[in-house]
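Here's the letter readout for the chains.
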Amino acid sequence: MTKAQPSEPLSPAREHTRTGMSKTALKQAYIDNLFYIQGRFREVATPHDLYMAAAFTARDRLLARWVKSAQFYKTSHARTVCYLSAEFLLGPHLANNLVNLGIAQVSREAGEELDLDFAAILEEEEEPGLGNGGLGRLAACFMDSLSTLGIPAIGYGIRYEFGIFDQAIENGWQVEKSDTWLRNGNPWEIPRPKICFPVRYGGHTEQYRNHDGQTRTRWVPDMEICGMAYDTPILGYGVGNVNLLRLWKAEASQSFDFQAFNVGDYYGAVHAKIEAETISKVLYPNDEPEAGKELRLKQQYFFVSCSMQDMIRLHLNTVGPLETFAEKFAAQLNDTHPALAVAELMRLFMDDHDMTWEQAWDITRRTFCYTNHTLLPEALETWSVSLFERLLPRHLEIVYEINRRFLDEVRVYFIRDEERVARMSLIAEGDDRRIRMANLAVVGSHAVNGVAALHSELIKTTILKDFHDLWPEKFHNVTNGVTQRRFVVVSNPRLSDLITEICGSDRWIRNLSCLRDLERHADDPDLQARWRRVKIAAKRDLAAWLGRNAGGVLDPQALFDVQAKRLHEYKRQHLNLLHIVRFYQRIKLNPNQDFVPRAFIFGGKAAPGYYLAKLIIKLINSVAEVVNHDPQVNGFIRVAFLPDFNVKNGQRLYPAADLSEQISLAGKEASGTGNMKFSMNGALTIGTLDGANVEIREEVGADNFFLFGMTAEEVRQKQSEGYRPWDYYHGDHELKSDIDLINSGLFSHGDTNLFRPLTDHLINHDPFMVLADYRAYLECQDRVSEAWRNPSNWDRMSILNVARMGKFSSDRAIQEYADNIWNIKPEPVDL
Ligand SMILES: *Cc1c(COP(=O)(O)O)cnc(C)c1O
């Protein structure tokens, strides 16, 4: 797989220049970069210097391709995708770029010849944690696939100075540490001081007559900052295409002369600068529920305004008149965080480019598409009208006008249905009037999609039902995917090599459906044995890493049962915990029985203000402390919490899992992508019929998937009848005993109150129906243990899981967006 790929030289002398691809060229470039960029001789270089030199060596080769791509796109007039996302959870760049450049292997050899510790160099990179979880990681996978498929694209987002916090575990509790990822410099980005746009806030609007005597609106803001571009090149795998990730940093405005406003007020002037820079200072660490804070609205408007101005600039520079803007660009809204772009583009078209409402609206709608990511009503974003008016008075006028025209359309279509009109309005009326961002996104877009088949069906019947009734043709499904480059080739090189060998080629790296070739070897005992050795090696690596970083000992022969994802009640880490407590009790009651040894491994961050999620982390660590120190059960059960679950640590985890926990309450997880990463690495899934689990099960076959629990329909039914967790607690003595054991103080040094908020909540409210699915989950876990006792069958199922994962490549997802939503053709750039 990671063979050096000979490539066309840019110039005949390329092999001898700075960006040559041979081992000799790489070695020379590395030594030069260490000296000329880091200013170090080998003898005094720090590990960080060594990493930087490697990063620059890779970057030089990206830039060579980037220049070529940019020139090519400019002449080809291809439609360009603008992927607007408040989050990009990229993960470390170096290893991924080496793979995509086709020089992973030769770089390793070059490193060895230079006597470098290649693994330590890769380890040195600090990942840009510019996202919370699945949504941000999806954006990153999509960037990789867009480039690999040769689709011209720009990712637009925010260059947060502090990304998602680093998680430490102290005394069993999560402690948040600030993420200072830029501290040592970021070799992957290129600052573009000349690509800089004004962004305004506050003030009021005025009407005036333009030169043609038409009435126009002018916004007179009372604050202006500036957004500066930082570009990161994103290279596709085995192609010449390099796309751009353009992230905006907020700075004090140069043109806005605050000195004039603050004569002699030096501190006031500095304060204004600090206030400006605050806007891109920190990522909000809440995953699903929205933090309705003023700064967040400022952030959203900030990046959206810079991005729209940039797109207009690009268009005017290359294509020309704005009438063809929608033919040049497809703008995808990754959730509602960038939905303000609809109002901003309208404002720019009308106020700055003199378009009529009708013209502007036609182009705007043909430009935007919206991806919905959640079914949780509490996660649907709204902004208070009063806050919006104070910050964005002109945009409020535009939203009102969009709404006025839209509701007239609704009234004509659904005559005399004012309740429906009220539900569809962009404004939720009441004491606290609020703007509904999902409604704005749907009205302003020509296509709306969910992220898994079940989710796309559910949005049509629940949160977006009224819109589906009005515009059924607008609705699509694009099931999420993940990139096999990062999540198999980079993170699981042993498996990657084995797959390539068995399939007889590395075509699967570009076309994941080629994994089907594995299927006919699934029963081959020889392959099964090798498959198992690969898995055990990954488990050994993980166990060693956990030993160094979290303490504890895991036996690589045990079944590694892994749940790694953000901590959320709906994801039900506490259901997993109840099974662990039950397993523990069973061993204690039957010490001589032959149990299947399991290592339960968790990873995941909780939002800093999410009390119950943090208490669940404490409970996991508390159970771990007791169980891991109980010699009676030690041979059968271990519990570990991997601290600071991020992309880098995920890459250690996915290859080492035997069992993937995907146990959300049916109807709550939009898609999930962790489920795909695990399965691609040979883990079997225990899961509910939720999100993309449904399709994973369809693909891998019901026999190769551990299904349990209520369906979304059964959940709806039970909730409408009135769900009473209390009855389950009293009706199932094992369940009662597990909850009571938690309350007994066994896991809390005798404190019988510590976990009460969690257990009381479960017994009395249990909004995600943990107790209702408890029994089915235990029975399913018994089936897992039984299956594990037959290693050859387990390996067979594992091979089949991998063989049938073709659908879940983000390449397939992007191809579907390109065909069904963007109407875009690839523009491959030759190497
Ligand atoms: C893939 C990924 C996620 C998403 O996991 P889900 O199980 O789909 O919620 C979250 N965080 C990181 C770091 C990931 O890589």
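Structure: see above.
Residues numbered from 1 in each chain as written. Predicted model: local features only at pLDDT ≥ 70, side-chain atom pairs only at ≥ 80, totals over all residues. Heavy atoms only, no water.

Asker: I would appreciate a short explanation of the packing of helix α20 (residues 493-503) against helix α21 (residues 525-549) in the present structure.
Answerer: Axis angle and axis distance: for two packed helices, these are the angle between their axes and the distance between the axes, and together they describe the pair. Packing of α20 against α21 leaves a shortest axis separation of 9 Å and a crossing angle of 165°. Viewed along their axes, α20 and α21 adopt a mutual orientation that is roughly antiparallel. Here α20 runs over α21; the crossing is left-handed. Only Leu527, Arg530, Trp531, Val534, Ala537, Ala538 and Asp541 of α21 make contact with α20, whose side of the interface consists of Arg494, Leu495, Leu498, Ile499, Glu501 and Ile502. For the contact of α20 with α21, a count of residues per class yields nine nonpolar, no polar and four charged. (Axes fitted to C-alpha atoms, helices over the stretch in contact; angles between N-to-C directions. Helix = DSSP H or I, 4+ residues; strand = E, 2+ residues; numbered from the N terminus. Parallel < 35°, antiparallel > 145°, perpendicular 65-115°, else oblique. Left-handed = near helix turned anticlockwise from the far one by under 90°. Contact = heavy atoms within 4.5 Å. Nonpolar A, V, L, I, M, F, W, Y, C, P; charged D, E, K, R; others polar.)

Asker: Help me understand the sheet that holds strand β15 (residues 427-428) in this model?
Answerer: Adjacent strands of a sheet form backbone hydrogen bonds with each other and so pair up, either parallel or antiparallel. Reading across the sheet, the three strands line up as β14-β16-β15 and stay open at both edges, with antiparallel pairing between neighbours. Strands with a single pairing partner mark the edges of an open sheet, and in this sheet they are β14 (382-384) and β15. When β15 meets strand β16 (residues 434-436), the two strands line up antiparallel, connected through two bridges. Residue pairing for β16: Ile427 is matched across the bridge by Ile435. (Pairing = 2+ DSSP bridges.)

Asker: Would you take a moment to explain the state of the cysteines for this structure?
Answerer: Overall, the coordinates contain one disulfide when judged by the stated rule. Paired through a disulfide, Cys196 and Cys226 show a sulfur-sulfur distance of 2.4 Å. Between Cys196 and Cys226, the S-S torsion sits near -95°, and that sign places the bridge as left-handed. Here the residue Cys196 occupies a position in strand β7 (residues 190-201), and Cys226 occupies one in strand β10 (residues 223-235), the gap between them amounting to 30 residues. Residue class for Cys226 comes out buried when judged on its relative accessible area of 6%. Here Cys141 is not disulfide-linked; the sulfur of Cys514 is the nearest cysteine sulfur, at 19 Å. Looking at the unpaired Cys306, the closest cysteine sulfur is the one in Cys226, lying at 7.4 Å. (Disulfide = S-S within 2.5 Å. Buried < 20%, exposed > 50% of the residue type's maximum accessible area, 1.4 Å probe, protein only.)

Asker: Looking at this model, I keep getting lost on the sheet that holds strand β13 (residues 368-371). Mind explaining?
Answerer: One open sheet accounts for nine strands, arranged β7-β10-β11-β4-β1-β12-β13-β17-β18; its pairing is mixed. The sheet terminates laterally at β7 and β18 (475-477), the two strands that pair on one side only. In this sheet, adjacent strand axes meet at a mean angle of 25° when their direction is disregarded. The sheet contacts of helix α11 (residues 340-352) involve β1 (80-84), β12 (329-334) and β13, and relative to β13 the element is tilted by about 170°. This element, helix α17 (residues 453-461), spans β17 (447-450) and β18 of the sheet and lies at about 160° to β18.

Asker: Even after reading the chapter, I still don't get the site of the ligand, so can you show me in this structure?
Answerer: The ligand sits among 13 residues. The nearest are Lys565, Lys571, Thr673, Gly674 and Lys677. For the ligand, an oxygen atom lies 3.0 Å from a polar atom in the backbone of Gly674. When the ligand sits alone it has 390 Å² of accessible area, and the protein chains cover 96% of it. Partitioned by chemical class, the residues of the shell around the ligand number three nonpolar, six polar and four charged. (Near = heavy atom within 4 Å. Polar contact = N/O pair within 3.5 Å; in protein donor to acceptor, adjacent residues only side chain to side chain. Areas by Shrake-Rupley, 256 points an atom, 1.4 Å probe, with all protein chains shown as cover.)

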